[in-house]
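# Results of the structural survey
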Amino acid sequence: MRDLQDLITARVDRPYAIASAARRRHRPASWRGEHGRLMIIAADHPARGALRAGADPLAMGNRADLLDRICTALARPGVNGVLGTPDILEDLLVLGVLDNKVVIGSMNRGGLAGTVFEVDDRFTAYDADSLNASGFDGGKMLLRIDPADAGTARTLQSCGQAVGELAAHRLMAMVEPFISHRDAEGRLRNELTAEAMIRATSVAAGLGATSAYTWLKVPVVPDMERVMAATTLPALVLGGEVSEDADAAYAQWAKALALPTVQGLVIGRSLLYPAGGDVADAVDRAVSLL
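Since the model is a prediction, treat every value here as computed from it, not as a measurement.

### What about the overall build of the protein chain?
Along the protein chain, the regular secondary structure elements total eleven helices and nine strands. Taken over the C-alpha trace, the protein chain has a radius of gyration of 18 Å; the compact-globule value for 290 residues is 19 Å, and the two agree within 12%. Here the C-alpha coordinates of the protein chain stretch approximately 50 × 40 × 40 Å along the principal axes. For the protein chain, restricting intrachain contacts to residue pairs at least 6 apart in sequence, the fraction spanning at least 24 positions comes to 70%. For the protein chain, the exposed surface amounts to about 12600 Å²; the carbon and sulfur share of it is 50%. On the protein chain, the mean spot of the 30 positive side-chain charges and the mean spot of the 35 negative ones are 3 Å from each other.

Below, the structure written as structure tokens:
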């Protein structure tokens, strides 16, 4: 990555450069891109210790490589947003690639992947005040609802509070809900059925003192029409794990985008680490669906 040394030098000698870059950033006139939708690159996985992409368990563990991939994606026509944690978004600010982009900060990163406290997902990154001070456009929170884990209650309460605080600043609250269960080995798994997602989205839609600024981030599941019929809130379709059948994944996204409440895509690993290796081509193909 050609700008890596400049980035490191800024972090060592000029940490104030991050706040300066945030103040100078040109904010987008609208959330909608030229295609009328949102096309967001998701890059908040590492802070949860979730570094796998495809067959490589540490694919996202090389920060220079990850930043290079994100910069490539953000430079493609039609990409109008990014989702990340403070460390990544601040790197991108210093690199000067966030002008006129919708920037969503990831908020609850405390439910580390593979831990016994994964469902008790504490808010350990951004809060509404820091997002507003940075001039960003919203905050994203993950809400995994495990009926057998009491930690769910704390996460529900924290998400509800965050939704209200974001709305007070007129910032988007992007809620990513799932019904989750532990498997026989104790690993937390999301239940990707229409019935489970209808329940999850119904709970997420009712969080906070107002839903005026709430958007949902949802996976594609069978009977997606039934899932999206459960709420009038706008939704963005997520990409999930890197699929071995990329054609099928794109076809599923295209079908979901035809639903009235679906307003775009928020995709990370599937575009940053595509099976074919060409980030620009994978992103352009996703944009073409819009």
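So that's the structure; there's more coming.
### Concerning the pairing of strand β9 (residues 262-267)
In terms of residue burial, β9 counts as a mostly covered element, since six of its six residues are buried. As judged from the four bridges shared by strand β1 (residues 38-43) and β9, these two strands associate in the parallel manner. Bridging across to β9, Leu38 finds its partner in Gly264. Relative to β9, strand β8 (residues 235-238) runs parallel, the two sharing three bridges. For Ala235, the partnering residue across the bridge sits in β9 and is Val262.

### Digging into helix α9 (residues 246-257)
Its twelve residues give α9 an end-to-end C-alpha distance of 17 Å, which sits within 8% of 16 Å, the value for a rise of 1.5 Å per residue. Among the residues of α9, Ala249, Tyr250, Trp253, Ala256 and Leu257 are the ones counted as buried. Taken down its axis, α9 places every buried residue within 125° of arc, on the same side. Against the buried residues of α9 lie α8 (224-228), β8, β9, α10 (269-272) and α11 (279-288).

### Here's the deal with the packing of helix α1 (residues 4-13) against helix α4 (residues 86-95)
Two elements in contact, α1 and α4, have axes separated by 10 Å at closest approach and are oriented at 110°. When the axes of α1 and α4 are compared, the pair comes out roughly perpendicular. Along the contact surface, α1 presents Leu7, Ala10 and Arg11, while α4 presents Asp87, Glu90, Asp91 and Val94. For the contact of α1 with α4, the residue count by class is three nonpolar, no polar and four charged.

### Notes on α4
Taken together, the buried positions of α4 are occupied by Ile88, Leu89, Asp91, Leu92, Leu93 and Leu95. On the buried face of α4, the contacting elements are α1, α2 (17-24), β1, α3 (63-74), β2 (81-84) and β3 (102-106). Positive phi shows up at Gly96, right after α4, with a value of about 75°.

### Observations concerning the packing of aromatic side chains
Taken as a whole and assessed by the stated rule, the structure comprises three aromatic pairs. Where Trp31 meets Trp215, the ring centres are 5.6 Å apart and the plane angle is 70°; that geometry is what we call edge-to-face. Within this pair, whereas Trp31 is found in the loop between α2 and β1, its partner Trp215 is found in strand β7 (residues 214-218), the two being separated by 184 residues in sequence. Taking relative accessible area as the criterion, Trp31 reaches 27% and is therefore assigned partly exposed. Judged by relative accessible area, which is 13%, Trp215 ranks as buried. Between the aromatic rings of Tyr126 and Phe136, the centroid separation amounts to 5.9 Å while the plane-to-plane angle is 85°, which identifies the pairing as edge-to-face. You can see Tyr126 sitting in the loop between β3 and α5 (128-134) and its partner Phe136 sitting in the loop between α5 and β4 (138-145), a full ten residues away along the chain. Each member of the pair, Tyr126 as well as Phe136, is classed as buried. If you follow Arg285 out to its NZ or CZ, it ends over the ring of Tyr250, 4.2 Å from the centre.

### A closer look at the packing of α3 against α4
Running from amino to carboxyl end, α3 crosses α4 at an angle of 65°, the nearest separation of the two axes being 11 Å. With respect to the hand of their crossing, α3 and α4 are arranged in right-handed fashion. Judged by residue contacts, Arg63, Leu66, Leu67, Ile70, Cys71 and Leu74 of α3 engage Asp87, Ile88, Asp91, Leu92 and Leu95 from α4. Its residues placed into classes, the contact of α3 with α4 shows eight nonpolar, no polar and three charged.

### So, the UniProt feature "domain: Cgl0159-like" (unreviewed entry) in the protein chain
Listed under "domain: Cgl0159-like" (unreviewed entry) in the UniProt record, and renumbered for this structure, are residues 36-287. Here residues 36-287 runs as 35% helix and 21% strand, with 11 Å between its end C-alpha atoms.

Conventions we followed
Residues numbered from 1 in each chain as written. Predicted model: local features only at pLDDT ≥ 70, side-chain atom pairs only at ≥ 80, totals over all residues. Heavy atoms only, no water. Helix = DSSP H or I, 4+ residues; strand = E, 2+ residues; numbered from the N terminus. Rg over C-alpha atoms; globule rule 2.2 N^0.38 Å. Contact = heavy atoms within 4.5 Å. Areas by Shrake-Rupley, 256 points an atom, 1.4 Å probe, with all protein chains shown as cover. Lys, Arg positive; Asp, Glu negative; His and termini not counted. Charge placed at Lys NZ, Arg CZ, Asp CG, Glu CD. Buried < 20%, exposed > 50% of the residue type's maximum accessible area, 1.4 Å probe, protein only. Pairing = 2+ DSSP bridges. Expected span 1.5 Å × (residues − 1). Arc of directions from axis to C-beta. Axes fitted to C-alpha atoms, helices over the stretch in contact; angles between N-to-C directions. Parallel < 35°, antiparallel > 145°, perpendicular 65-115°, else oblique. Nonpolar A, V, L, I, M, F, W, Y, C, P; charged D, E, K, R; others polar. Phe/Tyr/Trp six-rings, centres within 6.5 Å; stacked < 30°, edge-to-face > 60°. Lys NZ or Arg CZ within 6 Å of the ring centre and 35° of its normal. Left-handed = near helix turned anticlockwise from the far one by under 90°. UniProt positions renumbered as here; feature names shortened; annotations may be inferred.

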